[in-house]
Amino acid sequence: MLTEQELIHYSRHIILPQIDEAGQKKIKESKVLVIGMGGLGAPVAMYLAAAGVGHLYIADHDQVERSNLQRQIIHKLESIGLDKVDSAKATLKALNPWIEITSIPEKLEGQALDKQVSQVDLVVDCCDNFSTRFAVNRAAVKHHKPLISGAAIRFEGQLGVFNYHHSSPCYQCLYQPDIQLDENCFDQGVLSPVVGTIGSLQATETLKVITGAGNVADGKLLVYDALNLDFRKLKVTKDENCPVCSAKL
Ligand SMILES: [Zn+2]
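Fair warning: this is a prediction, and the values are worked out from it, not measured in the lab.

### Some thoughts on the packing of aromatic side chains
Given two aromatic rings, one states the distance between the centres and the angle between the planes to describe the pair.
Working step 1: Enumeration over the complete set of coordinates arrives at seven aromatic pairs.
Working step 2: Ring centres of Phe130 and Tyr175 lie 5.6 Å apart, and the angle between their planes is 80 degrees; this geometry places the pair in the edge-to-face category. In this pair, Phe130 sits in helix H7 (residues 130–142) while Tyr175 sits in the loop between strand S6 (156–162) and helix H8 (185–188), placing the two residues 45 residues apart along the sequence. For the residue pair Phe130 and Tyr175, the accessibility class agrees, reading buried in each case.
Working step 3: Between Phe134 and Tyr175 the ring centres are 5.7 Å apart and the planes differ by 80 degrees, which places this aromatic pair in the edge-to-face class. With Phe134 in helix H7 and Tyr175 in the loop between S6 and H8, this pair connects stretches of sequence that are 41 residues apart.
Working step 4: Owing to a relative accessible area of 10%, Phe134 belongs among the buried residues under this scheme.

### Looking at the pattern of salt bridges
Working step 1: Per the counting criterion, the structure on display carries five salt bridges.
Working step 2: Among the ionic pairs, Glu6 bridges to Lys28, the shortest N-O distance being 3.0 Å. Within this pair, whereas Glu6 is found in helix H1 (residues 4–9), its partner Lys28 is found in helix H3 (residues 20–29), the two being separated by 22 residues in sequence.
Working step 3: A salt bridge links Glu205 to Lys208; the shortest N-O distance between them is 2.9 Å. Residue Glu205 and its partner Lys208 are both found in helix H9 (residues 192–211); the two are separated by three residues, about one turn of the helix.
Working step 4: According to the relative accessible area criterion, Glu205 is buried, its value standing at 9%.

### Comments concerning the side chain of Asn137
Working step 1: Inspection of the secondary structure puts Asn137 in helix H7.
Working step 2: Discounting residues that sit within four places of it in the chain, Asn137 has contacts with Leu147, Asn163, Cys170, Tyr171, Gln172 and Val244.

### Digging into a nonpolar patch on the surface
Working step 1: Nonpolar side chains collect at one region of the surface, where Phe155, Leu191 and Leu227 lie side by side and expose about 270 Å² of accessible area between them.
Working step 2: Inspection of the secondary structure assignment puts Leu191 in the loop between H8 and H9.

### A short note on H3
Working step 1: For H3, the set of buried residues is Gly23, Gln24 and Ile27. Each buried residue of H3 lies within a common arc of 100 degrees when the element is viewed along its axis, so the set occupies one face.
Working step 2: On its buried face, H3 sits against helix H2 (11–14), helix H4 (41–51) and H9.

### What about the nonpolar core?
Working step 1: Ranked by size, the top nonpolar core spans 40 residues in total, and within it Val32, Val34, Leu48, Val53, Leu56, Leu92 and Val124 carry the most contacts.
Working step 2: Top element by residues in this core is H9. It accounts for seven residues.
Working step 3: Ignoring sequence-local partners within four residues, the contact set of Val34 consists of Gly41, Val44, Leu48, Leu56, Tyr57, Ile58, Ala59, Val124 and Cys126.
Working step 4: By size, the runner-up hydrophobic cluster in this structure holds 23 residues, among which are Val136, Ala140, Leu147 and Tyr175.

### What about the coordination of the zinc ion?
Working step 1: Only Cys170 (SG), Cys173 (SG), Cys242 (SG) and Cys245 (SG) from the protein reach the zinc ion as donors, at distances of 2.3 Å.
Working step 2: Coordination at the zinc ion comes from four donor atoms whose angles at the metal span 96 to 122 degrees, giving a geometry best classed as tetrahedral.
Working step 3: Look at where the donors of the zinc ion fall in the sequence and you get C-x2-C-x68-C-x2-C. Remark: Cys245 occurs in the segment after strand S8 (230–235) and Cys170 occurs in the loop between S6 and H8; sequence separation between them is 75 residues.
Working step 4: The exposure class of Cys170 is buried, given its relative accessible area of 0%.

About the cut-offs
- Residues numbered from 1 in each chain as written.
- Predicted model: local features only at pLDDT ≥ 70, side-chain atom pairs only at ≥ 80, totals over all residues.
- Heavy atoms only, no water.
- Phe/Tyr/Trp six-rings, centres within 6.5 Å; stacked < 30°, edge-to-face > 60°.
- Helix = DSSP H or I, 4+ residues; strand = E, 2+ residues; numbered from the N terminus.
- Buried < 20%, exposed > 50% of the residue type's maximum accessible area, 1.4 Å probe, protein only.
- Salt bridge = Lys/Arg side-chain N within 4 Å of Asp/Glu carboxyl O.
- Contact = heavy atoms within 4.5 Å.
- Patch = residues over 30% accessible without salt bridge, like charges linked within 9 Å, V, L, I, M, F, W, Y side chains within 5 Å.
- Areas by Shrake-Rupley, 256 points an atom, 1.4 Å probe, with all protein chains shown as cover.
- Arc of directions from axis to C-beta.
- Core = buried A, V, L, I, M, F, W, Y, C linked by side-chain atoms within 4.5 Å.
- Donors = N, O, S within 2.8 Å, 3.2 Å for Na, K, Ca; no water.
- Tetrahedral: all angles 85-135°; square planar, octahedral: opposite > 155°, others 65-115°.

What follows is the structure in structure tokens.
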């Protein structure tokens, strides 16, 4: 049940026929894992907290550095040196003290990643490297959890929803199994609000998956080119020989 205070707090959601009181209850009952409290994780966690996601699990093993603050808007000057999850939790609690937040101050991998993914309804990947993205995808496929994936670098971003249905493509379907990709914002740079655009879209798709509103970006990859204000939506097909998702069929 939603309390009287919650009915007021979330009234601009509840007035939307696609969300309604029933959708807001689903949001309240949901458990979401956000991996990475950096440029993407910041808007994702802030919007999901403000929107009333009942239990947020936030994972990051890093500490806040000065060069993060150009885009990681969940952290503040006084957070420099703190664990990102602690800095993030303080911001999220200030936004919405009624939700539960579990901080995971470690690099989630192996069994710990597996266990964590199994305990939530869906996973939002906001990390900054391919090996983590592939590992998170493997765990999401294993436990049949939708994965809302985002990435941003330079003036470019991308967003996709994977593992939505049994027949949906997974993140690995996008790439050859032996691909070696390792670009990151550290040496490539990124325009500050580009991570906000992609993170906001990840939070939107997350709330759509939870409430069932609209059509989620299942089997689609949105590619954003900020320099030319160009959004392209590409179809992602399930790779019949995908080493991750074809084995489960
Ligand atoms: Zn696959």
